[in-house]
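Examination of the molecular architecture
As a plain string of letters, each chain reads:
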Amino acid sequence: MTRQTFDKPFKDFPDLIELLKSRGLNIRNEETAINLLKIYGYYPVINGFKKSFQTDFNAEEYQPNVQIEQLFSEFILDSQFQEILLTSIFPIENHFKNMLGYLISKNFGVNSFETNDANNPDNTVLSYLDPSNYHNSGRVKALDTMNFIKEKVLTSSDDPVAYYRENKNHVPAWILCQNMMFGTSVKLFQILPSNLKEDLTNEMILPIDNENITAKKELLLLELEILRKFRNSAAHSSPVYLLHVDQSSDPSVKLLKRYLGEQILTREEGRQGIGTRNLYAALIGILLLTRNSGQRTNAIQQIKRLRDTYMQNHNDTSFDAYNHYIRIAQLPTDYVERLERASMILSN
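Structure report, in brief. (Residues numbered from 1 in each chain as written. Predicted model: local features only at pLDDT ≥ 70, side-chain atom pairs only at ≥ 80, totals over all residues. Heavy atoms only, no water.)

Moving on to the overall build of the protein chain. Looking only at helices and strands, the protein chain features 16 helices and zero strands. Taken across its 348 residues, the protein chain has 48% of its residues classed as buried. Partitioning the contacts of the protein chain with sequence separation of at least 6, the portion at a separation of at least 24 is 65%. When the accessible surface of the protein chain is summed, it comes to about 18,200 Å², and 48% of that surface belongs to carbon and sulfur atoms. Between the centroid of the 38 positive side chains of the protein chain and the centroid of its 42 negative side chains there is a distance of 3 Å. (Helix = DSSP H or I, 4+ residues; strand = E, 2+ residues; numbered from the N terminus. Buried < 20%, exposed > 50% of the residue type's maximum accessible area, 1.4 Å probe, protein only. Contact = heavy atoms within 4.5 Å. Areas by Shrake-Rupley, 256 points an atom, 1.4 Å probe, with all protein chains shown as cover. Lys, Arg positive; Asp, Glu negative; His and termini not counted. Charge placed at Lys NZ, Arg CZ, Asp CG, Glu CD.)

Here is the structure:
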């Protein structure tokens, strides 16, 4: 049998430093560089942020005079954006799942059992998990979604579902939704009857005059998917500055302007995926779906403080790091002001 070598053999920290130097990365203080790799890891710092500093996005060669501290600065800045994303998206996710459970319970009851289940308290009452309550939506099938929920969510060993299953005689939908992954709750939204989907959409996005409810429901679905993907990336400490959401269609720029004001996006930006697929899209989604004005204000203040911290000294390396980051992330230079204006529109 022919022996093969492993693609990634172990390299000690000094070996990693020599590897980076051989690729053109400037390392002035090897001890400092080794400490960075020890604390934060080679893969998160180097692999996560080398692309925009290389001579070619597919080449292992750095542009002239690039220093390891520059990659680390981008890593820290991205981590700060990840924190803002997580603290801002979690309340939206909770609001969405709470109202999803509420509407299902109000309209389809609280029975979580099959009719022939011996543990069913009342087999004359239809289960809210019966696929006949829902409808198929594109590739999201009601039966498949219900089976997944029954097999994966209803049997969860985590509370509160586990507590209700072991200590109560049923698991109501408002409890079941607490254990759902964000993606599962979005699939469940997709198969809701049209009137319930409309109710949930109006709960998440305030109604405006002469709106198209069909387009609004589609907007909510697309924004939820954007936030879900950015939330998952941030939750796993994966870089968000180059993340572009792959979806069949983009949020309508025209519709975003109706809800958030003309300044939020240009059509050209939308065509480039700016504000519809990238980090700015996630920030727009947070603003649009955060109903509490205090939470919206807090999110924008976090973003503004982050920007001001890096921009306060034009001669500091952090100033250059910030400008490099927003350019690569395709954030509009005035994105904070755009979000502030949109927040005022939502509050009126």
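What follows picks up the thread again.
In the contact formed by helix α4 (residues 68-108) and helix α10 (residues 213-235), the axes pass within 9 Å of each other and the chain directions differ by 130°. By the criterion of interaxial angle, the relationship of α4 to α10 is oblique. Relative to α10, α4 is oriented so that their crossing is left-handed. Residues Gln82, Leu85, Leu86, Ile89, Phe90, Ile92, Glu93 and Phe96 of α4 form the contact with α10, whose participating residues are Leu224, Leu227, Phe230, Arg231, Ala234 and Ala235. (Axes fitted to C-alpha atoms, helices over the stretch in contact; angles between N-to-C directions. Parallel < 35°, antiparallel > 145°, perpendicular 65-115°, else oblique. Left-handed = near helix turned anticlockwise from the far one by under 90°.)

This part is about the layout of surface pockets. Considering only enclosed or pocket space, the largest pocket measures out at about 540 Å³ in volume. Around the largest pocket, the lining comprises 21 residues; the ones closest to its centre are Val140, Gln190, Leu221, Glu225 and Ser248. The set of elements that each furnish at least two residues to the lining of the largest pocket consists of α8 (182-190) and α10. If one sorts the elements of the lining of the largest pocket by residue count, α10 sits on top with eight residues. (1 Å grid on protein atoms, 1.4 Å probe; cavity = no way out; pocket = protein on both sides within 12 Å on 5 of 7 lines; lining within 4 Å. Points joined across faces, edges and corners; volume = space filled by probe spheres on them.)

Our focus in this paragraph is the pattern of salt bridges. A side chain of one charge can pair with a side chain of the opposite charge when the charged atoms of the two come close. Scanning the model with the defined rule gives 18 salt bridges in all. A salt bridge links lysine 229 to glutamate 225, with the shortest nitrogen-to-oxygen separation between them at 3.8 Å. Pair noted here: lysine 229 and glutamate 225 are both in helix α10, with a separation of four residues, about one helical turn. A single salt-bridge network, built from bridges that share partners, covers Glu18, Lys21 and Glu30. (Salt bridge = Lys/Arg side-chain N within 4 Å of Asp/Glu carboxyl O.)

Burial analysis of α8 places seven of its nine residues in the buried class, the great majority of the element. For α8, the set of buried residues is Phe182, Thr184, Ser185, Val186, Leu188, Phe189 and Gln190. On its buried face, α8 sits against α4, α5 (142-153), α9 (194-204) and α10.

Looking now at empty space enclosed by the protein. Applying the stated criterion to the full structure yields two cavities of 30 Å³ or more. Of the pockets and cavities examined, the largest cavity occupies roughly 50 Å³. Forming the walls of the largest cavity are Leu283, Ile286, Leu287, Ala299, Ile300, Ile303 and Leu339. Along the lines of polarity and charge, the residues of the lining of the largest cavity split into seven nonpolar, no polar and no charged. Every residue lining the second largest cavity is listed: Ile205, Leu206, Leu287, Leu288, Thr290, Arg291, Arg296 and Leu346. (Nonpolar A, V, L, I, M, F, W, Y, C, P; charged D, E, K, R; others polar.)

Mapping lysine 216 onto the fold places it in helix α10. We classify lysine 216 as buried; its relative accessible area is 0%. A polar contact of 2.7 Å, which involves the side chain of lysine 216, links it to the side chain of asparagine 202. With sequence-adjacent residues up to four places away left out, lysine 216 is seen in contact with Thr201, Asn202, Ile205, Leu206, Pro207, Glu211, Leu255 and Tyr259. (Polar contact = N/O pair within 3.5 Å; in protein donor to acceptor, adjacent residues only side chain to side chain.)

Taken together, the buried positions of helix α1 (residues 13-22) are occupied by Leu16, Ile17 and Leu20. Along α1, the residues classed as buried sweep out an arc of 100° about the axis, all on the same side. Contact partners of the buried residues in α1: α2 (30-40), α3 (42-49) and α4. A positive phi of about 100° marks glycine 24, the residue just after α1. (Arc of directions from axis to C-beta.)

With that settled, the discussion passes to the environment of leucine 126. As for its placement among the helices and strands, leucine 126 is situated in the loop between α4 and α5. With a relative accessible area of 39%, leucine 126 lands in the partly exposed category. Residues leucine 126 and lysine 97, spaced 29 residues apart in sequence, show a C-alpha to C-alpha distance of 22 Å. Apart from the residues within four sequence positions on either side, leucine 126 is in contact with Phe108, Asn111, Ser132 and Asn133.

This brings us to the nonpolar core. The biggest cluster of nonpolar side chains holds 102 residues, and the ones touching the most others in it are Leu176, Tyr335 and Leu339. If one sorts the elements of this core by residue count, α4 sits on top with 16 residues. In this structure leucine 176 touches Tyr128, Leu129, Ile149, Val153, Leu154, Val161 and Val171, once residues within four positions along its chain are discounted. (Core = buried A, V, L, I, M, F, W, Y, C linked by side-chain atoms within 4.5 Å.)

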